[in-house]
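Notes for the structure review
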Amino acid sequence: MPVERTDADGIVTLTLNRPDARNALSLDLILAFRAALDQVRVDQSARVVIVAGAGKSFCAGMDLRGVMDDPATMGRMLRELAEATVTLRNLPCPTIASVQGAAVGGGCGLAVVCDFAISHADAKLGYPEVDLGVSPAVVAPWLIRKIGAGRARAMLLRGGTISGTEALAMGLVDRLAPQAEVGSAASALAAALMAGGKNALSVTKRWLNELDGSWDSDAVLRGATLSAEVIQTEEAQTRVRARMNG
Amino acid sequence: MSDAAVDDTPSLRVDGLGTAVVTITLARPASRNAMGLQFFEAFDEALDAVANASTSAHVVLLRAEGRAFCAGFDLGACAADPRLAARLVERLSELSQRVRSMPAVVVASVQGPALAGGCALVASCDIVIATTSARFGYPVHRIGISPAVSLPILARSIGGGAARTLALGGELIDGARAQAIGLVHELVEPEAALPERTQALVESLAAKGPGALRATKKWLNELDRTTDATTAGAAAHASMGTALTEECHAMIARVWER
C-alpha cells in the first residue's frame, strides 16, 4: 500500500509508504493519500491525524520520473495533490506532520498544510522548484498562510532548501526534536491535543480556516494549473531532465 | 531656513543592462540617498531601461552607496515647496508598485538606515538582504505624514501586527528585529561582508529558471494582492492628504530647521 493507516485511540497516522523512492509523490501515492483522507473525513473517528513518511525521508516531492512526456498525467497529479491538500486542511481535527530527513517541494507542501509540523535541526526542507525551472504555485497559497506572504515570497523565489533550525526560525515548522525522536514527539503532541474537547478543537480549526481562506480550493487548483503549465516549458523540461540524468 | 545644498550628482547608477543581473545603485551618499523628484525620475528611467533592454533581466539588485541606504524624502526640498511632499508620496506609490510588478526578481541589499520612503522602497522588493546594523522604520508622523502609502505591501508582507507597531510607533528597528518580523530575509554580519553575500545571493538567483521565477512572482502578486491598484491608490491618497496639511508643512519646517 502506498499509504498506510494505523489507528491508536483516536490518533490516526497516515504514512507515505514508498521509502525506496523517498516517498516521492507518484500518481498512485497521491490517489491513495486522497482516498485515505476522504476515509478519515467520512468516518469521523479521528481526534488527531499524524502525517508521516516511511524510512529516512518524509517526502522528496513530486515524482516526475515517467511523466515528463505525459502532460495529462502530470496535470492530473498536480490537481489531485491540490485536492488532497484542501481535504487535509479541512479535516475537522488537528493534524501534525512528522518530518524526518527531507521534505521537499510538494512534500514540504504537505507539511505546511498540517496544523503542526515537527522536525529536527538538520532536516532539509524547502521548495527548490525554481532551480529546476518549475513553479511551486500549487503550494504557494498554503505557504503564505503558514509563514506570511513576505517570507513565502522570499522563500519560493530563492529556491533551494533550508535546515530544520532555519525552518523553525521562520515558522515553517513549529518544533524540533532530536532526529530519532521526531515520531515520538509527534505522538506526544497528539496525546496532548487529545486533552482538548473534540468539538472545541473542531470549531477553532474551522474558524481559523474561515479566517485565512483555507476552505477555498479555487486558488490551490489554479496554482496546480499554473504549476502544470510551467513544467511543460522548454526551460523546465531541459532542467528537470538534466537533473534526472545527472 | 537652512539652504539645501544643491547636489547635482546623478541620483542613480545602472549597471549590467542587457545581462541577467541589472544593478541599480543609489549614488548620492552625501545626501543619504534622499528622495526628491529627480530621484524618482532617475529611477523611472532606470526601470524603463531595464524593461527595454535587449535581453530581459532575471534579477534586479537595488543597493546604495555610503553609510545610509536611503533616508526618505528630501526634507530640505519639501520645506522649500509646501506641495512637494504630496507629490513625492505619489511618486513613491508609483515606484513601489512598479518594483513590485516588474517581471524580474528584485533584491534589496541594505546597510545603514532605510527610513520612511526608503523603508517603503525596501518593503516593495521581493528579497531583502541586510546587515545587523541596518535600521528600518517609518518616523514620519513627526513630520505630519501618514505612512499609509507603504501599508498595502507592508501589512501583507509582514502581517498586520508587526506592520501596525512599525507604522504607528515610528520607532526604528535593527536588522535582526527586521528579520524576526520578516521584513529582512537574510541577515549579514559584519557589514563588510554585505557585498560578497549579496553577490552570492544574486548569482544563485540568476542560476534559477528565469521563466519559473517570473511565473512564480506573478502568481505571488496575485495571491497576496500587493499589486492591487485600487488599494495602492487609496493608500497613496490617504498619505497625500496628510502631506498637504498646514500641520505637515509646519512640522517639516520645524524638523528641517533643527
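Residues numbered from 1 in each chain as written. Chains lettered and ligands numbered in written order. Predicted model: local features only at pLDDT ≥ 70, side-chain atom pairs only at ≥ 80, totals over all residues.

Turning our attention to the overall build of chain A. Scanning chain A for helices and strands turns up ten helices and nine strands. The C-alpha radius of gyration computed for chain A amounts to 17 Å, which stays within 12% of the reference 18 Å derived for 246 residues, consistent with globular compactness. If you line up chain A on its principal axes, its C-alpha atoms span 50 × 40 × 35 Å. Relative to its full complement of 246 residues, chain A shows a buried share of 53%. At a minimum sequence separation of 6, the contacts of chain A that also span at least 24 residues come to 77%. (Helix = DSSP H or I, 4+ residues; strand = E, 2+ residues; numbered from the N terminus. Rg over C-alpha atoms; globule rule 2.2 N^0.38 Å. Buried ≥ 20, exposed ≤ 12 C-beta atoms within 10 Å, placed from the backbone. Contact = placed C-beta atoms within 7 Å.)

Across its full length, chain B carries eleven helices and nine strands. The principal-axis extent of the C-alpha atoms belonging to chain B is close to 50 × 40 × 35 Å. Looking at the 258 residues of chain B, the share that counts as buried comes to 53%.

The next point concerns the sheet that holds strand 1 (residues 3-8) of chain A. Residue and element names in this part refer to chain A. If you trace the six strands from one edge of the open sheet to the other, you get 1-2-3-4-6-9, paired in mixed fashion. One side of each edge strand has no neighbouring strand; the edge strands of this open sheet are strand 1 and strand 9 (175-176). Relative to strand 4 (residues 95-98), strand 3 (residues 48-53) is paired through four bridges, and the arrangement is parallel. Each residue of the ladder has a partner; that of Val49, found in strand 4, is Thr95. (Pairing = 2+ DSSP bridges.)

In this structure, the amide linkage connecting Glu189 of chain B to the following residue, Pro190 of chain B, adopts the cis form with an omega of 0°. If you trace the backbone, Pro190 of chain B turns up in the loop between strand 9 (186-188) and helix 8 (194-206). Even without a glycine there, the phi angle at Asp9 of chain A is positive, about 50°. Tracing the backbone through its elements, the reader meets Asp9 of chain A in the loop between strand 1 and strand 2 (11-16). Judged by the 9 C-beta atoms lying within 10 Å of it, Asp9 of chain A falls in the exposed class.

All right, on to the sheet that holds strand 5 (residues 113-115) of chain B then. Residue and element names in this part refer to chain B. The strand order across the open sheet formed by three strands is 5-7-8, and the pairing between neighbours is mixed. The sheet terminates laterally at strand 5 and strand 8 (173-174), the two strands that pair on one side only. Direction of pairing for strand 5 relative to strand 7 (residues 135-137): parallel, over a ladder of three bridges. Of the residues in strand 7, the one forming a bridge with Ala114 is Phe136.

At the junction of the two partners, chain B supplies 22 residues and chain A supplies 30 residues. Counting only elements with at least two residues in the side of chain B that touches chain A, the list comes to helix 5 (151-158) and helix 9 (210-224) of chain B. If one sorts the elements of the side of chain B that touches chain A by residue count, helix 9 of chain B sits on top with ten residues. Here the residues of the side of chain B that touches chain A are counted per class, giving ten nonpolar, seven polar and five charged. (Nonpolar A, V, L, I, M, F, W, Y, C, P; charged D, E, K, R; others polar.)

This paragraph deals with the confidence of the model for chain B. When pLDDT is averaged across chain B, the result is 95; 97% of the residues are at 70 or more. The ipTM value of the predicted complex is 0.92, and its pTM value is 0.94. (pLDDT = per-residue confidence, 0-100.)

This paragraph deals with helix 9 (residues 218-231) of chain A. Between its terminal C-alpha atoms helix 9 of chain A stretches 20 Å, which fits the 20 Å expected from 14 residues at 1.5 Å a residue. Of all the positions in helix 9 of chain A, only Ala219, Val220, Gly223, Ala224, Leu226, Ser227, Ala228, Val230 and Ile231 of chain A are classed as buried. On the buried face of helix 9 of chain A, the contacting elements are helix 2 (71-89), helix 4 (140-147) and helix 10 (234-245) of chain A together with helix 9 of chain B. (Expected span 1.5 Å × (residues − 1).)

Residues and elements named next belong to chain A. In terms of burial, strand 2 is largely enclosed, as six of its six residues are buried. Both faces of strand 2 are covered, namely the face carrying Ile11, Thr13 and Thr15 and the face carrying Val12, Leu14 and Leu16. The pairing of strand 1 with strand 2 spans six bridges and is antiparallel. Following the sheet pairing, Arg5 is matched in strand 2 by Leu14. Here strand 1 folds back onto strand 2 in antiparallel fashion, the turn holding two residues, of which Asp9 has a positive phi close to 50°. One ladder, built from six bridges, connects strand 2 with strand 3; its direction is parallel. Following the sheet pairing, Thr15 is matched in strand 3 by Ala52. For the crossover from strand 2 across helix 1 (residues 27-43) to strand 3, the handedness is right-handed. (Right-handed = clockwise from strand over helix to strand, strands pointing away.)

Residue and element names in this part refer to chain A. Note that Cys93 resides in the loop between helix 2 and strand 4. Under the C-beta neighbour-count criterion, Cys93 is labelled buried, with 24 such atoms within 10 Å. Spatially, the C-alpha atoms of Cys93 and Leu201 are 6.7 Å apart, while their sequence positions differ by 108 residues. When near neighbours in sequence (up to four residues on either side) are disregarded, Cys93 contacts Ala46, Arg47, Val48, Val49, Leu201 and Ser202.

What follows concerns the packing of helix 3 (residues 106-113) of chain A against helix 4 of chain A. All names here are of chain A. Following both chains from N to C, one finds helix 3 and helix 4 inclined at 45°, their axes separated by 9 Å at the closest point. Classified by the angle between their axes, helix 3 and helix 4 sit oblique to one another. Where helix 3 crosses over helix 4, the two elements pack in a sense that is left-handed. Side by side, helix 3 and helix 4 meet where Gly109, Val112 and Val113 of the first sit next to Trp142, Leu143 and Lys146 of the second. Residue classes in the contact of helix 3 with helix 4 are distributed as four nonpolar, one polar and one charged. (Axes fitted to C-alpha atoms, helices over the stretch in contact; angles between N-to-C directions. Parallel < 35°, antiparallel > 145°, perpendicular 65-115°, else oblique. Left-handed = near helix turned anticlockwise from the far one by under 90°.)

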